Amino acid sequence: MKAILSADRNWGIGNGNKLLVSIPSDMKFFRQTTTGKVVVMGRKTLESFPNGQPLKNRTNIVLTENPDYRVKDAVIVHSKEELLKTLEQYDTEDIYIIGGESIYRMMLPYCDTVLVTKIDRAFQADTFFPDLDKMEEWEMTEEGEEQTCFDLEFRFTKYERRQEMS
């Protein structure tokens, strides 16, 4: 299982239920990476999408505590246990956790790879991803070339869970 996100210098990922910034090549990378796959998100993440609609050409799984929550073309689950049970029917290589903060934190222990678009700027943020650079069990295994979008510098990175030394 993987997580995919863009984060600022302080691992901020959002503010006011919106992304901190929209970078076209990051959006394209997200689309290309997750199309045809399973995306797992919380209700607020889903509601932050255009018209609050599930992402096209993907299996959308939404976790919400609201027992009456319904969304066309999405699988709705109501607990971590129900989510994990639902995910058993999919290849773990095809599952991407896409937010928000509480879903990332809950599901990070189940992930072996995290794809982070790191933006070299600190924004005003109210939601954060755990700082993988400070976590011994994670290491950055790939770091792309620095890219620029308008005046923002960013790079695509890949973190992988360290294998246990035996």
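Scroll up a little and you will see the structure.
Residues numbered from 1 in each chain as written. Predicted model: local features only at pLDDT ≥ 70, side-chain atom pairs only at ≥ 80, totals over all residues. Heavy atoms only, no water.

Colleague: Describe the pattern of salt bridges, naming the residues involved and giving the relevant values.
Modeller: Taken as a whole and assessed by the stated rule, the structure comprises 14 salt bridges. Notably, a salt bridge pairs Lys37 with Asp94, separated by 3.6 Å at the nearest N-O pair. Highlighted residues: Lys37 in the loop between α1 (24-34) and β4 (38-42) and Asp94 in the loop between α3 (80-87) and β7 (95-99), separated in sequence by 57 residues. Exposure remark for Lys37: the relative accessible area of 24% places this residue in the partly exposed category. Overall, Asp94 belongs to the partly exposed group, its relative accessible area being 26%. When the shortest N-O distance is used, the salt bridge between Arg121 and Asp151 registers 3.3 Å. Of the two residues, Arg121 sits in the loop between β8 (113-119) and β9 (127-128) while Asp151 sits in the loop between β11 (147-149) and β12 (152-161), which places them 30 residues apart along the sequence. Classification of Arg121 as partly exposed rests on a relative accessible area of 28%. Put simply, Glu143, Glu146 and Arg155 are held in one network by salt bridges that share partners. (Salt bridge = Lys/Arg side-chain N within 4 Å of Asp/Glu carboxyl O. Helix = DSSP H or I, 4+ residues; strand = E, 2+ residues; numbered from the N terminus. Buried < 20%, exposed > 50% of the residue type's maximum accessible area, 1.4 Å probe, protein only.)

Colleague: Quick rundown of the nonpolar core? Include the residues and the values.
Modeller: Within the largest apolar cluster, 27 residues are counted, with the highest numbers of intra-cluster contacts made by Leu5, Val40, Leu83, Leu87, Ile97, Val114 and Phe129. Looking at which element gives the most residues to this core, the answer is helix α4 (residues 101-107), with four residues. Those residues in contact with Val114, other than ones at most four positions away along the chain, are Ala3, Leu5, Leu108, Phe129, Leu132, Trp138, Thr157, Lys158 and Tyr159. In this structure, Val39, Leu46, Phe49 and Tyr96 belong to the second largest nonpolar core, which totals 14 residues. (Core = buried A, V, L, I, M, F, W, Y, C linked by side-chain atoms within 4.5 Å. Contact = heavy atoms within 4.5 Å.)

Colleague: Account for the pairing of strand β2 (residues 12-15), naming residues and giving values.
Modeller: Where β2 and β9 come together, two bridges link them in antiparallel fashion. Across the sheet, the residue bridging to Gly14 is Thr127, located in β9. Hairpin geometry of β2 and strand β3 (residues 18-19) is characterised by an intervening segment of two residues between the two adjacent antiparallel strands and by a positive phi of about 60 degrees at Gly16. (Pairing = 2+ DSSP bridges.)

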